[in-house]
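Structural overview
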Amino acid sequence: MSSNVAVKKDEPGAFNIPCTIGLYQFAKALYGLGTCINLIPCAIFKPLGLGEPKPTIVQLLMVDRSIKRLTSIRYDILVKVYKFIFLANFVILYCEIDADVPIILDWTFLATSRALVDVESGELKF
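Residues numbered from 1 in each chain as written. Predicted model: local features only at pLDDT ≥ 70, side-chain atom pairs only at ≥ 80, totals over all residues. Heavy atoms only, no water.

**Points about the environment of G22**
Within the fold, G22 resides in the loop between β1 (14–21) and β2 (24–32). Placed 56 residues apart in sequence, G22 and L78 show a C-alpha to C-alpha distance of 7.4 Å. (Helix = DSSP H or I, 4+ residues; strand = E, 2+ residues; numbered from the N terminus.)

**Considering the pairing of β1**
Of the two faces of β1, the one holding F15, I17, C19 and I21 is buried and the one holding A14, N16, P18 and T20 is not buried anywhere. Taking the residues between adjacent antiparallel strands as the criterion, β1 and β2 are bridged by two residues, where G22 takes a positive phi near 65 degrees. Bridge count between β1 and strand β7 (residues 72–81): two bridges; the pairing is antiparallel. Bridge pairing links I21 to V79 in β7. (Buried < 20%, exposed > 50% of the residue type's maximum accessible area, 1.4 Å probe, protein only. Pairing = 2+ DSSP bridges.)

**As for the nonpolar core**
Here is a general trend for soluble globular proteins: nonpolar side chains tend to be buried in one another's company. Judged by nonpolar contacts, the single largest core of 21 residues is most densely connected at I21, I40, V79, F90 and I103. Discounting residues that sit within four places of it in the chain, I40 has contacts with F45, L48, F90, V91, I92, L93 and I103. L39, L60, V91 and L93 belong to the second largest nonpolar core, which has six residues in total. (Core = buried A, V, L, I, M, F, W, Y, C linked by side-chain atoms within 4.5 Å. Contact = heavy atoms within 4.5 Å.)

So, in C-alpha cells, the structure goes:
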C-alpha cells in the first residue's frame, strides 16, 4: 500500500528579492513572511535623500531579547520591485549595516500588489 501523504517542509520564513529605492539598487532586500515592519538602517537611509523622517517612540524587541529604540519613521517611500512600484513606510533603525541584507521588507509590502509567493523556490509572480 503506497502513501500519498505530503512531506512537511521547513518554513522558509524569508527570502531575498532585488529592489530599487531612489537611485540605489539593492540586490538583496530581505522579504520576511513573518515580518511586520519595513526596516532600514540610518546609514543607508540618509544617503538616499528621501527627506526628513518623523520622530517616533517605538521600541523593537529583538530575537536576542534586547530592545532597540527606533527614533524615526518615513512614510510613503517608493520602492521598485521588478517593474512594479510600491509605497512603503520604513522604520529607521540605528544599527550596523548587514552587507548581505541591507533592508528588510514586511509581508504586507507585496500583498498590496497581490503578488504570489512560491515559498519553496523563493520566486515572486505578479
